[in-house]
Amino acid sequence: MLANGPGHPSPASGLQQAFDLVQVVKSTVGGRISAAPSVTRCSPARRSVSAMTPESHPQPLDLFPPGREAGLERLADFVPRSGRKYASQRNADPGPGRKDNVSQLSPYIRHRLVTEHEVVEQVLGEFAPSTAEKYIQEVLWRTYWKGWLQMRPQVWHDFLDERDRNREDVQANGGLSTAWNDAEAGRTGIACFDDWVEELRATGYLHNHARMWFASIWIFTLKLPWALGADFFLRHLVDADPASNTLSWRWVAGIQTRGKTYQARASNIAKYTDGRYDADTLGRQLANDAPPIRDEPPPERQPIAPADTVESGTRALVLLHGDDLRGFEALPHGLDVAGVVVAIGGHESAPWPFGDKARAFIMASAESAAEQVGEALDTPAILADAIDADVLAERARVIDAACIVTPDAPVGPIDDGLQALARALTGSGVHLKRVRRAWDANAWPHATKGFFPFKKKIPELFDQAGLT
Ligand SMILES: Cc1cc2nc3c(=O)[nH]c(=O)nc-3n(C[C@H](O)[C@H](O)[C@H](O)COP(=O)(O)OP(=O)(O)OC[C@H]3O[C@@H](n4cnc5c(N)ncnc54)[C@H](O)[C@@H]3O)c2cc1C
């Protein structure tokens, strides 16, 4: 059981270590990345979590060593298990530290330290498409959710509003407040749920099946608002992602697929958790029905805004961010790159990352990303702690660039931050250009309905990506 509950600092293992790794540009543009750690402190005081983290749980940065190299190593290690073995074993969650049946690649893919293209390419190098079908489909779920949300951006902003209203409700309602505190502290008395809370807080990760059971118990057994559950995940997951998280929680609650909910069943949990939980006890504790929390018409679909184009020869400052730390791969040919900034956080108007564990992972990953982009573009890269219009405009002026070019960000706080940046740059003589990866440009428009029509387009998408 953890000592800290909602409103208290979450376990922040490895945080200080990550802060010690990087030189962070704060209000002014600083120097180049230095091999010797010259540290601008941007963290609160050191928080020790060793006393709170059970020894059975790996620390987040041990479970997910930051940076692309670690992601590529994990991918190479997993590829031989991505065929039939994955298809037959992926639903099992044998417990913390025992998840060889899944890839645990999500933080790397989510921040594009490793791309979906690379994952699929390596898997298809080992197995026929039919053998690796299940794994490939899972990877494409992320692409699908992003495309779906891209055409309904209001769903993200509605979630944020609902979360804020729910937070006010919690303040005003003692019973709700106690239930919410108990759930976030893992004090519900439902053994599996309390264990998942502990695992999530300690490691920043939960297996997909555990995420589904967790969300279902949160909504239908504990009768807590879904948006607060989605917020709890965002604050603790290392792979915290606006599209995958919000839309998965909506799906469990019966809002995403109108009228269809996900019910966590005691027998299913007992079956897939290696005998750790007693089905009879769970059966007495879990809700025995899961009616949709509301009946809501599907949100209206909007056209996807076209990406920007940049003329060859344009002198540019390149901005990378946490939604695409390999985003230099999306830059148009012939760009005259005069400088590179890698932003660790979001814009002040849309704070991000959501939680300390994700921040620690992104911070350390951004440092190695900065080195890699610097080498790839033959231009030293600078780390900035946020997407800051003053810092970026000044840097652009210093290097005589009239254009900041950045990889596109899907709907979420980085996208909100880039929109705020574009507004702030108005009149400065510096323009923001957002360029989109072919993977996203080809796939997103197909996410019009459910995953199954989208799935039918996968062979066509792979043809376009040269993956067949
Ligand atoms: C309620 C809920 C909340 C979730 N929140 C997030 C989130 O914030 N961030 C996040 O990245 N994923 C989220 N997921 C999706 C999924 O649970 C994780 O991506 C997956 O568990 C990551 O573990 P893995 O890399 O071992 O997955 P594997 O089983 O090895 O799958 C391989 C890859 O496929 C993708 N993938 C697999 N399942 C899904 C899925 N259901 N949706 C989207 N992509 C998928 C991921 O990129 C994953 O790394 C959520 C799912 C649920 C049910």
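From a predicted model like this one, the values you see are computed outputs, not experimental measurements. (Residues numbered from 1 in each chain as written. Predicted model: local features only at pLDDT ≥ 70, side-chain atom pairs only at ≥ 80, totals over all residues.)

1. Here's the deal with the overall build of the protein chain
Defined as follows: To qualify as a helix, a DSSP run of H or I must reach at least 4 residues; to qualify as a strand, a run of E must reach at least 2; elements of each kind are numbered from the N terminus. By the convention adopted here, residues are in contact when the distance between their C-beta atoms, placed from the backbone, does not exceed 7 Å.
Scanning the protein chain for helices and strands turns up 21 helices and five strands. For the protein chain, the share of sequence-separated contacts (at least 6 apart) that also reach a separation of at least 24 residues comes to 76%.

2. A short note on the site of the ligand
Put simply, the test is: Using the backbone to place each C-beta atom, any residue with that atom within 6 Å of a molecule or strand is considered near it. Throughout, the ten residues Ala, Val, Leu, Ile, Met, Phe, Trp, Tyr, Cys and Pro are labelled nonpolar, Asp, Glu, Lys and Arg are labelled charged, and all others, Gly among them, are labelled polar. Domain extents, as shown, originate in an automatic or database domain assignment.
What surrounds the ligand is a group of 28 residues, the closest being S103, N208, D241, N245 and S248. Elements that contribute at least two residues to the shell around the ligand include exactly helix 5 (106-110), helix 7 (133-150), helix 11 (208-221) and helix 13 (242-253). For the shell around the ligand, the per-class residue count stands at 13 nonpolar, eight polar and seven charged. Per-domain counts for the shell around the ligand show at least three residues from each of domain 1 (64-151 + 438-468) and domain 2 (165-285).

3. Description of the nonpolar core
Stated precisely, the cut-off is as follows: Nonpolar core, as used here: buried Ala, Val, Leu, Ile, Met, Phe, Trp, Tyr and Cys residues forming one set through C-beta atoms within 7 Å. Once C-beta atoms are placed from the backbone, each residue is buried if 20 or more other C-beta atoms lie within 10 Å of its own, exposed if 12 or fewer, and partly exposed for counts between those two.
Formed by 117 residues in total, the largest nonpolar core has its most connected members in V342 and I404. When residues of this core are assigned to their parent elements, the largest contribution, ten residues, is made by helix 16 (residues 356-377). What V342 contacts, discounting residues up to four positions off in sequence, is L320, A366, A369, A370, V373, A381 and L383.

4. Re the sheet that holds strand 5 (residues 431-435)
Note the following rule: Two strands pair if DSSP finds at least two bridges between them. Angles shown run from 0 to 180 degrees and are taken between the N-to-C directions of axes, each axis being a line fitted to C-alpha atoms and, for helices, limited to the stretch in contact.
Pairing within the open sheet is parallel, and its five strands lie in the order 3-2-1-4-5. Among the strands making up the open sheet, the edge pair consists of strand 3 (381-384) and strand 5. On average, adjacent strands in this sheet sit at an angle of 30 degrees to one another, irrespective of strand direction. Taken together, the three bridges between strand 1 (residues 315-320) and strand 4 (residues 403-407) define a ladder with parallel strand orientation. Its bridge partner being in strand 4, V318 is matched across the sheet by V405. Sitting on the sheet, helix 16 is in contact with strand 1, strand 2 (336-343) and strand 3, with an inclination near 175 degrees to strand 2.

5. Here's the deal with the environment of L206
Along the chain, the position of L206 falls in the loop between helix 10 (191-203) and helix 11. Residue L206 is classed as buried on the basis of its 22 C-beta neighbours within 10 Å. Along the sequence, L206 and Q104 sit 102 residues apart, while their C-alpha atoms lie 9.4 Å from each other. Among all residues touching L206, those that are not within four sequence positions of it are W196, E199, L200, R211 and F214.

6. Things to note about the environment of Y262
Along the polypeptide, Y262 turns up in the loop between helix 13 and helix 14 (266-272). The exposure class of Y262 is partly exposed, given the 18 C-beta atoms found within 10 Å. Not counting chain neighbours up to four residues away, the residues in contact with Y262 comprise M212, S216, W251 and V252.

7. A word on the packing of helix 12 (residues 226-236) against helix 13
Put simply, the test is: Should the near helix be turned counterclockwise from the far one by less than a right angle, the crossing is left-handed, whereas a clockwise turn marks it as right-handed.
Two elements in contact, helix 12 and helix 13, have axes separated by 10 Å at closest approach and are oriented at 145 degrees. At the point where helix 12 passes helix 13, the crossing takes the right-handed sense. Between helix 12 and helix 13, the contacting residues are W226, G229, A230, F233 and L234 on the first element and N245, T246, W249 and A253 on the second.

8. Concerning helix 16
Within an α-helix, residues lying three or four positions from one another point in the same direction, as the helix has 3.6 residues per turn. Definition in use: Helix span, expected: 1.5 Å multiplied by one less than the number of residues in the helix.
The end-to-end C-alpha separation of helix 16 is 31 Å, in line with the 32 Å expected for 22 residues at 1.5 Å each. Most of helix 16 sits inside the fold, with 17 of its 22 residues counted as buried. Positioned one or two residues after helix 16, D378 has a phi angle of 55 degrees, which is positive.

9. A look at the pairing of strand 1
Two faces belong to every sheet, and in a regular strand the side chains alternate between them. Strand 1 sits mainly inside the fold: five of its six residues count as buried. As paired strands, strand 1 and strand 2 are joined by six bridges and run parallel to one another. Residue V318 lies in a different strand from strand 2, and its bridge partner there is V340.

10. A few points about unusual backbone geometry
Residues W352 and P353 are joined by a peptide bond in cis, for which omega reads 0 degrees. Residue placement: P353 occurs in the loop between strand 2 and helix 16. Even without a glycine there, the phi angle at R112 is positive, about 55 degrees. Mapped onto the elements, R112 comes out in the loop between helix 5 and helix 6 (116-126). Taking the C-beta count within 10 Å as the criterion, R112 has 25 such neighbours and is therefore assigned buried.

11. Some thoughts on the pairing of strand 2
For clarity, the cut-off: The handedness rule is simple: strands pointing away from the viewer, and a clockwise path from the first strand over the helix to the second, make the crossover right-handed.
Where burial is concerned, most of strand 2 is hidden: six out of the eight residues are buried. Alignment of strand 2 against strand 3, held across four bridges, turns out to be parallel. For V341, the partnering residue across the bridge sits in strand 3 and is I382. Between the parallel elements strand 2 and strand 3, the chain passes through helix 16 in a crossover that is right-handed.

12. Observations regarding helix 9 (residues 174-185)
Stated formally: Read the arc as the range of directions from the helix axis to the C-beta atoms.
Here helix 9 is twelve residues long and its end C-alpha atoms lie 16 Å apart, about the 16 Å a rise of 1.5 Å per residue gives. Those residues of helix 9 lying buried are W180, A183 and E184. For helix 9, the arc enclosing every buried residue in end-on projection is 95 degrees, short of the 170-degree limit, so these residues lie on one face. Exposed residues pointing more than 90 degrees away from the buried face of helix 9 are listed as G174, G175 and T178. The elements touched by buried residues of helix 9 are helix 8 (154-172), helix 11 and helix 12. Two residues or fewer past helix 9, G186 is found with a positive phi of approximately 70 degrees.

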